[in-house]
Structures are given as structure tokens and as C-alpha cells.
Amino acid sequence: MHYFKKFIPKYYLFVLLPLFFLCIRAVPLEEALGYSLYPITTGGNASWFGQEENYYFGSSSAQSGDIDHNGESWMQTTVKGIGTVSFYWEISSENDYDFLTLYVDDQAIDEISGYQAYEQFSHNFFEDEERTLKWVYTKDKSVSYGEDCGWVDQLEFEEKVFDLDVPLGEAVDNSDLTFTTGGDAGWFGQDADYYVGSSSARSGSIDHNGESWMQTTVTGKGTVSFYWKLSSEREKDNLQFYIDSKLKENYDSETSSDWVQVSYDILLGGEHTLKWKYTKDAEGSYGYDCGWVDQLEFEEKVYDLDVPLEEAVDNSDLTFTTGGDAGWFGQTLDSYSGSSSARSGSLDDNEESWMQTTVTGKGTVNFYWKLSSEREKDNLQFYIDSELKENYDSEIESDWVQVRYHIYEDGEHTLKWKYIKDAEGSYGEDCGWVDQILFDADIPLEEALDNSDLTFTTVGNAGWFGQNHISHFGSSAARSGFIDQNEESGIQTTVNGQGTVTFSWKISSSYGDPLIFYIDGEEAYEIAGRIDWREQSYHITTEGEHTLEWVYTKNYDMSYGEDCGWVDQIFFDPDVPLEEALDNPDLTFTTGGNAIWFGQKNISHFGSSVARSGPCCSEKHESWMQTTVTGNGIFSFYWRSQSSNSVHLKFYIDEEIKFNIISSYDQQNEWEQLSFDIKEDYDTHTLKWVYLGISTPSWETDCVLIDKVEFGVESEDNYNTSLANNISPITLTFLFFLFVFLL
């Protein structure tokens, strides 16, 4: 205040102070919430308060107080009568640890956590009583996140008259069915909450260890479907659905869920009992403490349950047998692809149902399966030659899952799928399905890699193999084997002498699981993640035998994508002498720098080969090639860049720069001839090409190509020459005076 007195006249304070306090005025909670029916109180470690910075409606809302860890801030008020209370709330907090919870008469009704923008919440009251509403923001013992608070706005109470005696058939939109209800409290039709129409069925009000059920009957084969939702303690109070006393679905959810559709197929004729049951455990309540069912339908259908297994699994090349206590069968009810799949037979406790076929030789088995059963009790299993390869268990119906296994041995192999039930209990459809069974025989690695001149071997925990599902060239490529965490799968070959190795590779993995290319045990290149086909090359500069190896390694237990690598079209091109590559045996070439020039065959402009600069992986690197000529004359050559960005080439004659260019990406596929007139008539001239590294090399494949070096031959398209360069000064003077005379 003394600061203001020093710099502001006293009479201004009478104007500024009211404005200052007006800007920071506290908003009453009744005004912030727009609610004045009953008083609003607040407390805890810090009180709620009204504020004008964050609100849903109007100009203010209520915000929880600033609290420390293990603290709470609460606000409460009262409503009275039959009707619906509604409000908007928002939170910014540590997800799943710090909560904003609504209580009605000390029972938790709903909660939010993390970040949730303003969203409306409503709750119905069916008795003409006075109720206490309490909002509590609580923090756990550590960590803060976001604004670390909650907000409530636009609190309203609307008196309503609810119809709690709607006939159950009308409530679930199916008056053709007759319902009975029982347990500790019966279900009833009501118009307070529903999915469609104007009403739904709701379970009765029960105490701990109680149950409330509703049932009806349908006749014949068909599909039963309905919508349901639940407001209860998660994994404690449950809403269940049965067909003929067999549990098909168990629904548990903390706080009010959204409406969810459920459908089940009934395969057998006759009369079937449908039953919905809400059960409570020994303690605790949450939300409305009930379940709802709406829009119940039963559609009679004619199913084909006698599809041949070969047709059902989309493979007429295989022959299937089936057995156990009940055989598998092809059916059109559920499938991954096409119109049918194979399904296990109907079993009782301690029974099994199996299906099998045989394949011959090395290859990859691929199929899709899914399961609807008791978790960790009833299982769907897959065997190869009586060895268990996969054991699948899942509570309630799973999605279709792809399974692949590679067979590395020759001979005949038995493939078997088995569904097993334990000693008690049923769940869901109580069966397994299999679809789209394929067996792809291995392709020889030499054929898959398009090189019959090389011999390939595989190393590691699982060998590579040739396959025709994914390829870059032709119809096949090599794929790494199926491996687990801390395992590897490698393929290798050997080459002799100096030359260029080129190949294409691809990977689909997590970034911690790489595909690495080695030369003589030293890593040359590595890729990881999801990378599409990419061409790679490496120049070997030493003589002797060299080992080339591609290794896919899994370091982490997580999987991503296909979890493997592929290699295709491996070539080794021995170096061509520079004199041959440049089409001039009369010249002698030398090379050096950070990487040497070399002759290669897979690209050319004239003949069958060109000279290529060595790879320079940084802007401080260079690769040079030079030769000498004697006397004067026209010197020419063809050049082009090979790069995904730009390259830098310099050409010298007797250490004088004659050509200096940084080519763009657009020039990389165009050959260009350059010609130079060497006029000095002394014995020897040194010609030198220098390829300079760039700051952003592209996978060590950026380079310059040179072809058809000639000396002493006139060029049709001289570059860096002109008429003045080719005509003597005396001749030019004569022509000038002749031109003047003629004028």
C-alpha cells in the first residue's frame, strides 16, 4: 500500500480500490451453480468456491478447493421429491488416482478422473424424500496432474411423475413374449431410463447377497438380441444372461455404463428359456445398484450346420477328420472370411471335441480362430504332430485371431485343433471356431532371393524360409523365422573378391527388434520399426571370401506388426576394372579418398558397365578418381547422379576446377555429356573427378556415375566451350573486319 501512496495521488485510491476488489469478488456457490432451492455448504481440507474463469453455462461455476495429497474438498446441498437431478461437471486430475465423486445420502453414485470436459450427469429419485447431494474431490498420497481440481455447473432438479408399473413385454418392446420375474425382488417396467421407445425393464431393489431375475421362453432356432446396461460395483455386482440355464454373458461395470447390444444364436429347435439376473455380493453399493434390459428381439433363422469342413475353412486341398465326445462341423453362423467356418461340437463337462488334417513337407501353417468360453478353464488348443503349439483361453467371446507356425522338417505332419471343457461351468457359446486354414510349402531360398548362383544357409533360433505372400520382385521373398524374446533368426551366404552387394529388405517390428545386415561379422546397416521395401547396397573393397548375413533379433517381449523381416533379390556384382567400365582401355585410372571409385555392371549408359563413386557418409568425406592424357584435344565423358536428394561433383584439369555442380533430385535419372578443350600442348595433363559427401546422405547410396571417357574426339554437344574457344584470335579479327567492310 505504501507503494501505491508514493506513486498515486491519494484521491485516486478511492476510485482504484473498489475496482480492484470488484475484479476479484468471490462468487457465491448458489450463484455459481444456479441453484437456490436449498442452501449449499462446503468443507474438507479446502472449501469449494465460485469462480468466473471456467464454466459451462452463464458466467461462473463451482470449483473444488486447493488441497494436498490425501486431502479432500467437498460441497453439498439438498433436493426433495420425485424427479431428476442434473448438472454438468468437469475434472483435470491424475487419471485413476484423484477423483471427483458424487454421493447421494453417503452412497457413491458416479465418479470422474483424469481429464474430462464438461459433461451432463442426471440421476432419478423415485421416492418423495429429502436427499443429500455431495460432491467430493479427493487426492491420493502422491503426484499431481493438470489443474488438480473439479468443477460443477448448472445444478437443476426437475420434479417428474415416473411410471414404475409398465408391463414387462411393453417395456422391452416385445409384447409377443410372456415374462415371469422373481428372486429377492422382481423386475419391473419403468419409463425413467430406456434405450429406445419410452420404457425398459429394470431389476428390483435388493440387499447384499440378493438377486433379482426375469425370464421368458422362445421356440425354435434363431438369434436372440437385446440391449442392456448396468450401474453397480465393478467385479462385485453382476448382470447375467442365461440360455437354458447356461451362463452366456456376465456383465459387470462400476458406475453407470452405456447401453450395449448383446446377441446369441440358438442352434437347436424346441423351447428355450431366456433369463436375466442381477446379483449383489456381500457388501458395498454403487450407482443405481441395478441393471436394465430393453428392445428384446428373437428372429427365427434357418442355419446351415452341415457345411463340409474343407469348404468351411476355405481349403479344398486338405482332408479333415473329426472326433472326441462331439465332432466339429461346418456352419454359416459365424466366420472370419467367406460365409462359413468350422465350429467345435456341443460338449458337457470334462469332454472334448477335435478336428485334424495332414500336410506334407516344410512350410507355414496359417489360420484364424476365436473362442467363447470360461477363462482359464475351457480351452481351444492347436497341435502339430501331437505337440501342443498354442493354448487359447478367453472369457466371453473373443475377436478372430491369426495364428501362424512354421514347420521346418520334411515328411507328413498332423495338424489338430481341440476344444476342451473342464469339470464344471459354462460361459458364452461354449465352443471354438477355426477359419481360413492355409499351408504354404517353403520356396527354396535361392529361388525366393532370385539368385541361384549363391548358396544360402540359416542360423539362429529359427531359420529363414522362402514364401510367396510378400515380395518386392517376382512372386517370392525370404522371411525371418518365428522367434520369441531374446532370440534371433539369421540367413547367410558367401561371396568372393571386391564387388557390390545389393538387396531389398523390409521390416515390420517394434523399434527395439531390428533387422541387421553384417559383412564378415561387422554390422553394416540396420532397420527397425515399420519400413517398406528399401533397396540397399554395400561395396566390398577387399579381396578374399566374405560372409554376408541378415539377422532379425527380438529384444523385447512386446510384438508389433508382423514381428519379422524380409529380404529379396540379393545380388553380388564383382568389380569391373575402371578402364573397362569407362570404355577406354588406353587410359589408366587410380582412385582413393574416404571411399574408392569402382566399376559396376548393373547400371550403364554405354556398353554394360559404369564407374561409380564410393559412398560418402558425411560432408567431410570425398571419393576421387583420376587419369592422365598427353597432348591437346577434346576430352569428354558422360555423368549422372544417383541420389534421393542432391550430390556434389567437381572435375579438375591440372588441378584447375573445370566443373563444379551440386545436382538436384530432378537430375538423378538423366545422363549428360561434358566436353572440355585441352589447348596446352605439353606432355601430360591430370584429369580428376571428386565426389564430395553431403550433409544428409541417403542410406549410403548417394553417388555419381561416370561413363564413356574419350580424349581427342570432337564432341557433338560441347559443354563449357563456345565458338570463341574453338576459333583462333587472328581468324576472329579477320572475320570482324570483313563484317565491317561488307556493311
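Residues numbered from 1 in each chain as written. Predicted model: local features only at pLDDT ≥ 70, side-chain atom pairs only at ≥ 80, totals over all residues. Heavy atoms only, no water.

J.: Can you tell me about the overall build of the chain, naming the residues and giving the values?
T.: Looking only at helices and strands, one finds 9 helices and 51 strands in the chain. Within the span of the chain, comprising 743 residues, buried residues form 50% of the whole. Counting every atom, the chain has about 36,300 Å² of accessible surface; 46% of that belongs to carbon and sulfur. (Helix = DSSP H or I, 4+ residues; strand = E, 2+ residues; numbered from the N terminus. Buried < 20%, exposed > 50% of the residue type's maximum accessible area, 1.4 Å probe, protein only. Areas by Shrake-Rupley, 256 points an atom, 1.4 Å probe, with all protein chains shown as cover.)

J.: Break down the pairing of strand E14 (residues 211-219) for me, with residues and values.
T.: The side chains of a regular strand alternate between both faces of the sheet. When strand E11 (residues 180-183) meets E14, the two strands line up antiparallel, connected through 4 bridges. Bridge pairing in E14 links Thr-180 to Gln-215. Alignment of E14 against strand E20 (residues 271-279), held across 9 bridges, turns out to be antiparallel. In the strand pairing of E20, Val-218 is matched with His-272. (Pairing = 2+ DSSP bridges.)

J.: Mind laying out the sheet that holds strand E8 (residues 115-125), listing which residues take part and the relevant values?
T.: An order of E2-E3-E10-E5-E8 is seen for the 5 strands of this open sheet, with the pairing classed as antiparallel. The open sheet has two edge strands, strand E2 (49-51) and E8, and neither has a second partner. Taking the axes of each pair of neighbouring strands and ignoring which way they run, one obtains an average angle of 30° across the sheet. Bridge analysis of strand E5 (residues 83-92) against E8 gives 9 bridges, and the strand direction is antiparallel. In the strand pairing of E8, Gly-83 is matched with Phe-125. (Axes fitted to C-alpha atoms, helices over the stretch in contact; angles between N-to-C directions.)

J.: Mind laying out unusual backbone geometry, listing which residues take part and the relevant values?
T.: One non-glycine residue, Asp-96, lies in the positive phi region at around 70°. One can find Asp-96 in the loop between E5 and strand E6 (99-104). Its relative accessible area of 53% is what places Asp-96 among the exposed residues. Notably, Asn-209 is not glycine yet its phi reads approximately 65°, a positive angle.

J.: How would you explain the pattern of salt bridges if you had to name every residue and give the values?
T.: Within this structure, the stated rule accounts for 22 salt bridges. Close ionic contact of Lys-80 with Asp-128 constitutes a salt bridge, the shortest N to O distance being 3.8 Å. Residue Lys-80 is located in strand E4 (residues 72-80), and its partner Asp-128 is located in the loop between E8 and strand E9 (130-138); the two are separated by 48 residues in the primary sequence. Note on Asp-128: relative accessible area 54%, which makes it exposed. (Salt bridge = Lys/Arg side-chain N within 4 Å of Asp/Glu carboxyl O.)

J.: Go over the sheet that holds strand E17 (residues 246-251) with me, naming the residues and quoting the values.
T.: Reading across the sheet, the 5 strands line up as E11-E14-E20-E16-E17 and stay open at both edges, with antiparallel pairing between neighbours. Looking at which strands have only one partner, the edges of the open sheet turn out to be E11 and E17. On average, adjacent strands in this sheet sit at an angle of 20° to one another, irrespective of strand direction. Relative to E17, strand E16 (residues 238-243) is paired through 5 bridges, and the arrangement is antiparallel. Following the sheet pairing, Gln-240 is matched in E17 by Asn-250.

J.: Lay out a negative patch on the surface with the relevant residues and their values.
T.: On the surface, a cluster of negative charge is made up of Asp-163, Asp-165, Glu-170, Asp-173, Glu-297 and Glu-299. For Asp-163, a relative accessible area of 36% corresponds to the partly exposed category. (Patch = residues over 30% accessible without salt bridge, like charges linked within 9 Å, V, L, I, M, F, W, Y side chains within 5 Å. Lys, Arg positive; Asp, Glu negative; His and termini not counted. Charge placed at Lys NZ, Arg CZ, Asp CG, Glu CD.)

J.: Kindly report on the confidence of the model for the chain, identifying the contributing residues and their values.
T.: Here the chain averages 89 in pLDDT, and 89% of its residues register 70 or above. Contacts from residues 1-8, a stretch scored under 50 in pLDDT, to residues over four places away or in other chains number 4 contacts. (pLDDT = per-residue confidence, 0-100. Contact = heavy atoms within 4.5 Å.)

J.: Can you lay out the packing of aromatic side chains for me, pointing to particular residues and giving the numbers?
T.: Going through the model one piece at a time under the given rule, you end up with 43 aromatic pairs. Summarising the aromatic geometry, the rings of Phe-87 and Trp-89 are spaced 5.3 Å apart at their centres and angled 85° between planes, so their arrangement reads as edge-to-face. Look at Phe-87 and you get buried, because its relative accessible area is 1%. Here Phe-651 and Phe-676 contribute two aromatic rings whose centre-to-centre distance is 5.1 Å and whose plane-to-plane angle is 35°, an arrangement assigned as tilted. Of the two residues, Phe-651 sits in strand E47 (residues 647-653) while Phe-676 sits in strand E49 (residues 672-678), which places them 25 residues apart along the sequence. (Phe/Tyr/Trp six-rings, centres within 6.5 Å; stacked < 30°, edge-to-face > 60°.)

J.: Can you explain a nonpolar patch on the surface? Please cite residues and give values.
T.: Judged by side-chain polarity, Tyr-556, Met-558 and Tyr-560 come together as a nonpolar surface patch covering roughly 330 Å² of accessible area. For Tyr-556, the location among the structural elements is in the loop between strand E40 (545-554) and strand E41 (564-574).

J.: Tell me about the environment of Ser-86, residues and numbers included.
T.: Locating Ser-86 in the fold gives a position in strand E5. For Ser-86, a relative accessible area of 11% translates into the label buried. Along the primary structure Ser-86 and Asn-124 are separated by 38 residues, whereas in three dimensions their C-alpha atoms are 8.9 Å apart. When neighbours within four sequence positions are excluded, Ser-86 is seen to be in contact with Gln-120, Phe-121, Ser-122, Gln-154, Leu-155 and Glu-156.

J.: Outline the environment of Val-172, listing residues and values.
T.: Along the polypeptide, Val-172 turns up in the loop between helix H4 (168-171) and E11. Expressed as a C-alpha distance, the spacing of Val-172 and Val-196, which sit 24 residues apart in the sequence, is 9.0 Å. Those residues in contact with Val-172, other than ones at most four positions away along the chain, are Phe-179, Ala-201, Val-293, Asp-294, Gln-295 and Leu-296.

J.: Talk me through the side chain of Ser-489; I want residue IDs and the actual numbers.
T.: Note on placement: Ser-489 falls in strand E35 (residues 487-496). At 2.9 Å, the side chain of Ser-489 and the backbone nitrogen of Gly-481 are in polar contact. The residues touching Ser-489, leaving out its near neighbours within four places in the chain, are Val-459, Ala-462, Gly-463, Trp-464, Ser-480, Gly-481, Ile-483, Trp-550, Val-551 and Tyr-552. (Polar contact = N/O pair within 3.5 Å; in protein donor to acceptor, adjacent residues only side chain to side chain.)

J.: I'd love a proper account of the side chain of Gln-63, names of residues and values included.
T.: Checked against the element boundaries, Gln-63 lands in strand E3 (residues 61-63). Engagement of the side chain of Gln-63 in a polar contact is seen with the side chain of Trp-151, the distance being 3.0 Å. Not counting chain neighbours up to four residues away, the residues in contact with Gln-63 comprise Trp-48, Phe-49, Gln-51, Cys-149, Gly-150 and Trp-151.

J.: Would you mind going over the environment of Ser-60 in detail, with residue names and values included?
T.: By the secondary structure assignment, Ser-60 is in the loop between E2 and E3. According to the relative accessible area criterion, Ser-60 is buried, its value standing at 5%. Spatially, the C-alpha atom of Ser-60 lies 9.7 Å from that of Val-152, the residues being 92 residues apart in sequence. Apart from residues lying up to four places away in sequence, Ser-60 is in contact with Val-27, Glu-31, Ala-32, Gln-51, Glu-52, Tyr-55 and Asp-153.

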